[in-house]
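Below are the chains, spelled out letter by letter.
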Amino acid sequence: ALQRTFSIIKPDATARNLTGAINAKIEAAGLRIIAQKRMQLSKAQAETFYGVHKARPFFNDLVSFMISGPVVVQVLEGENGIAKYRDVMGATNPEQAEAGTIRKEFAESIEANSVHGSDAPETAAEEIAYFFAGIELVG
Ligand code: CMP
């Protein structure tokens with residue numbers, strides 16, 4: 001069935017003008033970009049979005065990185081969309097990502113790893129609702 005997932009093109013990627021190259025990989029995989037906007041996250045927004053990682057040692061650095069420049073937030077739709085986008089992204093750590101994935105080709109480090117994608121249907125729904133109103137999703 002068609003499934004929606006939430007994506008962020010992170011500041012390391014927008015800084016290197018990779019939005020289009022990443023979108024090309026997304027679309028080539030058969031995922032449709034049904035909503036998209038470029039924005040500057042506030043510290044509070046980044047802390048809330050990554051709240052599940054609050055106790056992790058990398059939390060403060062992650063928040064600083066995510067507000068270091070513009071991001072592009074997106075909603076992607078496709079068959080088995082959550083797993084499909086995770087395949088397109090590759091492993092969180094680019095050193096472990098497979099050839100041809102976004103993170104293998106573009107990521108700089110485990111932190112500056114170019115993209116975020118939802119890990120499950122519940123988190124996808126939460127993350128989409130955090131950034132987009134229903135009328136902004138045009139499937
Ligand atoms: P993301 O999928 O956006 O979810 C949490 C982010 O934390 C992750 O991608 C990485 O960018 C970042 N991060 C930084 N250090 C680590 C780490 N040691 N393990 C997992 N994620 C990390």
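Refer to the structure above for everything that follows.
Residues numbered from 1 in each chain as written. Predicted model: local features only at pLDDT ≥ 70, side-chain atom pairs only at ≥ 80, totals over all residues. Heavy atoms only, no water.

Below, the discussion takes up the pattern of salt bridges. According to the stated counting rule, one finds six salt bridges in the structure shown. For Arg16, the salt bridge identified is with Glu108, shortest N-O distance 3.5 Å. Placement of the pair is Arg16 in the loop between α1 (11–15) and α2 (19–28) and Glu108 in the loop between α6 (102–106) and β4 (115–117), with a sequence separation of 92 residues. On the basis of relative accessibility, which here comes to 34%, the residue Arg16 falls in the partly exposed class. (Salt bridge = Lys/Arg side-chain N within 4 Å of Asp/Glu carboxyl O. Helix = DSSP H or I, 4+ residues; strand = E, 2+ residues; numbered from the N terminus. Buried < 20%, exposed > 50% of the residue type's maximum accessible area, 1.4 Å probe, protein only.)

Attention now goes to the site of the ligand. The ligand sits among Lys10, Tyr50, His53, Phe58, Leu62, Thr92, Arg103, Ile110, Glu111, Asn113 and His116. Note that an oxygen atom of the ligand is positioned 3.0 Å from one of the backbone N or O atoms of Ile110. Within the side chain of His116, one N or O atom sits 3.0 Å away from an oxygen atom of the ligand. Protein burial of the ligand: of its 450 Å² of free accessible surface, 78% is covered by the chains. Applying the majority rule of atoms within 2 Å of the grid points places the ligand in the largest pocket. Of the residues that constitute the shell around the ligand, the class distribution is four nonpolar, four polar and three charged. (Near = heavy atom within 4 Å. Polar contact = N/O pair within 3.5 Å; in protein donor to acceptor, adjacent residues only side chain to side chain. Areas by Shrake-Rupley, 256 points an atom, 1.4 Å probe, with all protein chains shown as cover. 1 Å grid on protein atoms, 1.4 Å probe; cavity = no way out; pocket = protein on both sides within 12 Å on 5 of 7 lines; lining within 4 Å. Sits in = over half its atoms within 2 Å of the grid points. Nonpolar A, V, L, I, M, F, W, Y, C, P; charged D, E, K, R; others polar.)

For strand β1 (residues 2–9) and strand β3 (residues 71–79), the ladder comprises eight bridges, and the chain directions are antiparallel. Counted as the bridge partner of Ser7 is Gln74 from β3. Across three bridges, β1 lies against β4 in antiparallel orientation. Bridging from a neighbouring strand, Ser7 pairs with Gly117 of β4. (Pairing = 2+ DSSP bridges.)

Attention now moves to the sheet that holds β3. Reading across the sheet, the four strands line up as β2-β3-β1-β4 and stay open at both edges, with antiparallel pairing between neighbours. Of all the strands in the sheet, just β2 (32–39) and β4 have a single pairing partner and so form its edges. Going across the sheet, the axis of each strand differs from the next one's by a mean of 20 degrees, ignoring polarity. (Axes fitted to C-alpha atoms, helices over the stretch in contact; angles between N-to-C directions.)

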